[in-house]
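Listed below are the residues making up each chain.
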Amino acid sequence: MIDIELKKEGKDGLSKLYFKGGKFSHVTGSKLKFLPFNTKYTKDCKSDFKVFQGVVGECFRMSNDKQFSKELIKDKESSFKTKLKKHILEEAVNRVDTEHPEDFKEVIINLFFEEDGDLIKFNKKMLSYMHFINEHAILKETSKFFYDIFLNTKILNNKDLVKSENDNLFYKLIIDSLPELEDKPKAKSNIKYANVFDEITDLFLNDFNILSNREELFLEHIEDLFKYYYFFYLSQTAINLNKFGESKKIKPIYFSMDWETLSETRKSYNFGWKHTLLDLENLFSHANTLELLNYISIDGEKIGDYAKIVERYKKLSGDEAKDFVLKVKELSDFYKPQIESLKSPFKIGKNWLDCENSLSNRLSTKKLNNELQIEIYSLFYRIDYQFRNSQRDKPYSDYSNWLIDFFKSNYTKFRGRLGYTTSINQETLLFLTKICLDNKDKIRLKSLWRELEERGLSFDETSKVEIVKLFERINLLEKKSDSGDAQYVKSII
């Protein structure tokens, strides 16, 4: 007989963790940690989410349990890249015998630094020295999330990965002049993020290996790869959360190219941002629902995300399945009495009676496969209702704004009355095309569309025409006839 338990009491029970000082408060990330957000959104991280270099650098440091010395980052008066540049120049001058140190510094600056002071990535060892533009806890948390989901396989410790073809004496001088990284102290808590989409992790590892085999490509596009897979994983997670375990598969999102003109009849508009990603705002409700659900255990193990829960439910006997459903009902019974704002309404007409009536109407139209999914959805709906209709509506929106603003900054375009649409630029398209070609000289155009769909991107026929025009213009398209089967995309490198 399978043991199904709902942990209410004790140090890990509902009563202990949800009541602080006798007052009920929402808790996330204790039982199931799967999203790297908090309820204190700030725009201070926008520039970091745009370039993503700090996340890449932090992940490489994490792989070796290293961190920057306090001396290098404690001074708030000057930027990190300014301090790094100063350190490298001083060390390099000290390591050579020259009568013209200032002239030598100028040579180094011209060869190894960008105009804005960034160190040029000429070697894979440089990656551990990329840092955030702005120091913020959420950026460190984003890095930990990315590392746990995509890189916690020791892949960054592969010696072949850090081998570089660029190893002449001048390059070696700069590498030797880099500041020493310190050992990172062990964290008090090392709760790992739960991977709710293994299939996307597998795709990332495949594409990471494609990129890492070509050093120049790797150094040029490593931030693009990390940033895109952050988007890919989280957008697909958001889409699938709203299925409540019904199925878990990649659903490509329609994109347009950023130079196109869009209309309301285009798939790129109707099946892009508008209908696919607008439900991002309910992420905090999903985080709270899954947190509560994971106070239920089966044979002592947490039950996981919606898909895993439904999968386990289907394997239970009739009596066990009924017991499981009852445990989920108990969670709703625990939750509702604690929400004071719906006993004395924060918004006129918004109370538990209205919630239950609207839930009943929603259930009559929503397709859910079994009694468990009905109860899970009901719990989610009650949690979501109270967030939308109480003084908790600001933390509710702040939580999702971390993701919404990341998407808007990187993979959307504002198009007047149409609002935001999912769009990519030429640079992103060509980078993804390089990945799809792998080491092949060319692939069929139809195969390229398939490869892109595997990675979550779809294009309507109008966008495909625009992309073909681009490929023709830059001499990447090889035509044996006008037939789609006889059109090939040639290697970019």
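Residues numbered from 1 in each chain as written. Predicted model: local features only at pLDDT ≥ 70, side-chain atom pairs only at ≥ 80, totals over all residues. Heavy atoms only, no water.

*Asks:* Describe the sheet that holds strand 1 (residues 4-6), listing the residues and the values that go with them.
*Replies:* Strand order in the open sheet formed by three strands is 1-7-8, with antiparallel pairing between adjacent strands. Strand pairing shows two members of the sheet lacking a second neighbour, strand 1 and strand 8 (301-302), which therefore form its edges. In this structure, strand 1 lies alongside strand 7 (residues 296-298), joined through three bridges in antiparallel fashion. Paired with I4 across the bridge in strand 7 is I298. Relative to strand 1, helix 16 (residues 318-335) is tilted by about 10°, and along the sheet it contacts strand 1 and strand 7. (Pairing = 2+ DSSP bridges. Helix = DSSP H or I, 4+ residues; strand = E, 2+ residues; numbered from the N terminus. Contact = heavy atoms within 4.5 Å. Axes fitted to C-alpha atoms, helices over the stretch in contact; angles between N-to-C directions.)

*Asks:* Please provide a residue-by-residue account of the sheet that holds strand 14 (residues 487-490), values included.
*Replies:* Strands sit in the order 11-14-13 across an open sheet of three strands; the sheet is antiparallel. Only two strands of the sheet have a single neighbouring strand rather than two, namely strand 11 (442-444) and strand 13 (477-479). Between one strand axis and the next, the sheet turns by 30° as a mean value, whatever way the strands run. As paired elements, strand 11 and strand 14 share three bridges and run antiparallel to each other. Looking at strand 14, one finds that I443 is bridged to V489.

*Asks:* Account for the packing of aromatic side chains, with residues named and values stated.
*Replies:* Inspection of every chain in the model, using the stated rule, returns 56 aromatic pairs. Considering the side-chain rings of F37 and Y399, the 5.6 Å spacing of their centres and the 90° angle between planes classify their relative orientation as edge-to-face. Of this pair, F37 sits in the loop between strand 3 (23-24) and helix 2 (46-51) while Y399 sits in helix 19 (residues 393-411), and the two are 362 residues apart along the sequence. F37 gets classed as buried once you look at its relative accessible area, which sits at 10%. Overall, Y399 belongs to the buried group, its relative accessible area being 3%. For the cation-ring pair, K336 lies above W352, with the distance from its terminal atom to the ring centre recorded as 5.5 Å. (Phe/Tyr/Trp six-rings, centres within 6.5 Å; stacked < 30°, edge-to-face > 60°. Buried < 20%, exposed > 50% of the residue type's maximum accessible area, 1.4 Å probe, protein only. Lys NZ or Arg CZ within 6 Å of the ring centre and 35° of its normal.)

*Asks:* Which residues make up the packing of helix 7 (residues 137-151) against helix 10 (residues 198-212), and what values do they have?
*Replies:* The interhelical angle for the contact between helix 7 and helix 10, taken along N-to-C directions, is 85°, at an axis separation of 9 Å. Between helix 7 and helix 10, the crossing angle belongs to the class labelled roughly perpendicular. Across the interface between the two elements, F146, I149, F150 and L151 of helix 7 pack against I200, T201, F204 and L205 of helix 10. Along the lines of polarity and charge, the residues of the contact of helix 7 with helix 10 split into seven nonpolar, one polar and no charged. (Parallel < 35°, antiparallel > 145°, perpendicular 65-115°, else oblique. Nonpolar A, V, L, I, M, F, W, Y, C, P; charged D, E, K, R; others polar.)

*Asks:* Before we move on, could you go through the pattern of salt bridges and cite the residues and values that matter?
*Replies:* As enumerated under the stated definition, the model contains 31 salt bridges in all. With a shortest N-O distance of 3.0 Å, E264 and R417 are connected by a salt bridge. Of this pair, E264 sits in the loop between strand 6 (253-257) and helix 12 (267-270) while R417 sits in the loop between strand 9 (412-414) and strand 10 (420-424), and the two are 153 residues apart along the sequence. Exposure remark for R417: the relative accessible area of 72% places this residue in the exposed category. Across the pair D398 and K394 runs a salt bridge whose closest N-O atoms are separated by 2.7 Å. Separated by four residues within a single helix, D398 and K394 lie in helix 19, roughly one turn from each other. (Salt bridge = Lys/Arg side-chain N within 4 Å of Asp/Glu carboxyl O.)

*Asks:* Can you tell me about the pairing of strand 14, naming the residues and giving the values?
*Replies:* Pairing analysis gives three bridges linking strand 13 to strand 14, with the strands arranged antiparallel. Among the inter-strand pairings, E478 is bridged to a residue of strand 14, identified as Y488.

*Asks:* A description of unusual backbone geometry should follow, citing residues and the corresponding values.
*Replies:* Located in the positive-phi region is D65, a residue other than glycine, with phi close to 55°. Note on placement: D65 falls in the loop between helix 3 (53-63) and strand 4 (66-67). Look at N475: it is not a glycine, yet its phi comes out positive at around 65°. Within the secondary structure, N475 sits in the loop between helix 22 (461-473) and strand 13.

*Asks:* So what's going on with the confidence of the model for the protein? Residues and values would help.
*Replies:* The predicted model of the protein has a mean per-residue pLDDT of 90, with 95% of residues at 70 or higher. Looking at the elements of the protein, mean pLDDT is at its lowest for helix 8 (residues 159-162), recorded as 64, and at its highest for helix 21 (residues 445-454), recorded as 97. (pLDDT = per-residue confidence, 0-100.)

*Asks:* Describe helix 7, listing the residues and the values that go with them.
*Replies:* With 15 residues, helix 7 extends 20 Å between its outermost C-alpha atoms, agreeing within 8% with the 21 Å of an ideal straight helix rising 1.5 Å per residue. Most of helix 7 sits inside the fold, with twelve of its 15 residues counted as buried. The complete set of buried residues in helix 7 reads I138, L139, T142, S143, K144, F145, F146, Y147, D148, I149, F150 and L151. Of the surrounding secondary structure, the elements contacted by the buried residues of helix 7 are helix 2, helix 3, helix 10, helix 11 (215-241) and helix 19. (Expected span 1.5 Å × (residues − 1).)

*Asks:* Would you mind going over the nonpolar core in detail, with residue names and values included?
*Replies:* Core analysis: the biggest nonpolar cluster contains 132 residues, and L151, F204, F226, L293, F324, F459 and F471 have the highest contact counts within it. The leading source of residues in this core is helix 11, at 16 residues. Counting 21 residues, the second-largest nonpolar core is a separate cluster that includes L89, A92, I108 and M126. (Core = buried A, V, L, I, M, F, W, Y, C linked by side-chain atoms within 4.5 Å.)

*Asks:* Any chance you could break down the environment of G272 for me, citing the residues and the numbers?
*Replies:* Position of G272 relative to the elements: it lies in the loop between helix 12 and helix 13 (273-277). Its relative accessible area of 0% is what places G272 among the buried residues. Counting along the chain gives 148 residues from G272 to Y420, while the straight-line C-alpha distance between them is 9.3 Å.

*Asks:* I'd like a rundown of helix 21, residues and numbers included.
*Replies:* Within the sequence span of helix 21, burial applies to L445, S447, L448, W449 and L452. As for helix 21, its buried residues are in contact with helix 20 (426-437), strand 11, strand 12 (457-459), helix 22 and strand 14. The first or second residue beyond helix 21 is G456, which carries a positive phi of 90°.

*Asks:* Which residues make up the pairing of strand 6, and what values do they have?
*Replies:* Most of strand 6 is tucked away, with five of its five residues classed as buried. Residue alternation in strand 6 divides its side chains into two sets, I253, F255 and M257 and Y254 and S256, and both sets are buried. Taken together, the three bridges between strand 6 and strand 12 define a ladder with parallel strand orientation. Looking at strand 12, one finds that F255 is bridged to F459. One ladder, built from two bridges, connects strand 6 with strand 10; its direction is parallel. For M257, the partnering residue across the bridge sits in strand 10 and is I424.

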